[in-house]
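# Structural features, examined
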Amino acid sequence: MDEPKSKNHSKYIFIILFILIIILSFRIIQPFITSILTAIVLAFIFYPLHDILKKKVKNEALCSSIMLILILLIILTPLVLAANILLREAIDLYLYVKNLDVTLLAEPISKYVPAVNTEEYIKEALKEISSFIVNTIRNFVLSVPKMLLNLFIILFTLFYLFKDKEKIFTGIKRILPIEKRHQEELLNKFKIVTKAIIDGILITAVVQGIAGAIGFYIFKLPNPLLAGFIMAILGILAVVPIIGPFLVWFPAAVYLILTGNIISGILLLAYGSLVIST
């Protein structure tokens, strides 16, 4: 009688330990889930290119390494350009706000609201803008180590998603508790849905890039083609939080407003919100 009870206790202890291990494992990888999901999305996007390259390069590790280099060139180049533009514009904007003659802005506004101390309000607003710019630049610089860590995780995950693609799909099939024919059907449906989602992301990103380039051209902002290309890449990466085309058009709109082109800046804000980022 005691032996069956002992076996049952062992079984329950094993189940509890297994659940605890799963919870602890999830807690460990939780901060990197976004990076892992980003790697999975990128892997599905670049699998066709990987399959073509694999026919030329038979070594799996070398083929995967070449794919990582290509992805870095395709994605990181626009991101570095975007970061460079944003930092340069932020610094220029900060210097412009710091040296701005408040009376030039206050005088025309005071004509319409003479009872309000316009100059003080503008000084306070400019002070807040300056603080915001400084804090944004500082937070960006401080977040660089975290971004590099996330990039490493994305590349590490991508490498094995490319290198062990067949093993991963075989492993998924093995652990699925359904018949083999249903497994194939389920995986095919998953591939179709995933492809549809990725195609939707790519098409949306291209449209956002074109709309962004047109917006920059209409409002006479420099380098509309480059800005549109960067917005398209950021549109693809919009699966990652706080990344998207707004990182390009929003600072440009703020810059227009603060440099005296208030109507153009407001119109660009409306255009960006209603056309580019929708």
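A quick note: this is a predicted structure, and the numbers were derived from the prediction, not measured.

If you walk through the whole model with that rule in mind, you get seven aromatic pairs. Ring-pair connections join several aromatic residues into one group, and the members of that group are F152, F156, F159 and Y160.

At a minimum axis separation of 7 Å, helix 9 (residues 246-258) and helix 10 (residues 262-276) run at an interaxial angle of 160 degrees. The orientation of helix 9 with respect to helix 10, classified from their angle, is roughly antiparallel. Where helix 9 crosses over helix 10, the handedness of that crossing is left-handed. Along its contact with helix 9, which presents W249, F250, A252, A253, L256 and I257, the element helix 10 presents I262, S264, G265, I266, L268, L269, G272, S273 and I276.

Attention now goes to unusual backbone geometry. Of note in the backbone geometry, K220 takes a positive phi value of approximately 55 degrees without being a glycine. As for its placement among the helices and strands, K220 is situated in the loop between helix 7 (180-218) and helix 8 (224-236).

Below, the discussion takes up helix 9. With 13 residues, helix 9 extends 18 Å between its outermost C-alpha atoms, agreeing within 8% with the 18 Å of an ideal straight helix rising 1.5 Å per residue. Here helix 9 has its buried residues at V248, W249, A252, A253, L256 and L258. G260 lies just past helix 9 and shows a positive phi near 100 degrees.

Next up on the list: the side chain of Q208. Mapped onto the elements of the fold, Q208 is located in helix 7. Accessibility expressed as a relative area gives 10% for Q208, which makes it buried. When residues no more than four places from it in sequence are discounted, the contact partners of Q208 are G235, P245, I276, S277 and T278.

This next bit is on the environment of I262. Here I262 lies in helix 10. With near-sequence residues (within four places) excluded, I262 lies in contact with L256 and I257.

This part takes up the side chain of S64. Relative to the elements of secondary structure, S64 occurs in helix 3 (residues 60-98). We classify S64 as buried; its relative accessible area is 0%. Not counting residues within four places of it along the chain, the set of residues in contact with S64 comprises H50, F159, F162 and K163.

Definitions and limits used
- Residues numbered from 1 in each chain as written.
- Predicted model: local features only at pLDDT ≥ 70, side-chain atom pairs only at ≥ 80, totals over all residues.
- Heavy atoms only, no water.
- Phe/Tyr/Trp six-rings, centres within 6.5 Å; stacked < 30°, edge-to-face > 60°.
- Axes fitted to C-alpha atoms, helices over the stretch in contact; angles between N-to-C directions.
- Helix = DSSP H or I, 4+ residues; strand = E, 2+ residues; numbered from the N terminus.
- Parallel < 35°, antiparallel > 145°, perpendicular 65-115°, else oblique.
- Left-handed = near helix turned anticlockwise from the far one by under 90°.
- Contact = heavy atoms within 4.5 Å.
- Expected span 1.5 Å × (residues − 1).
- Buried < 20%, exposed > 50% of the residue type's maximum accessible area, 1.4 Å probe, protein only.

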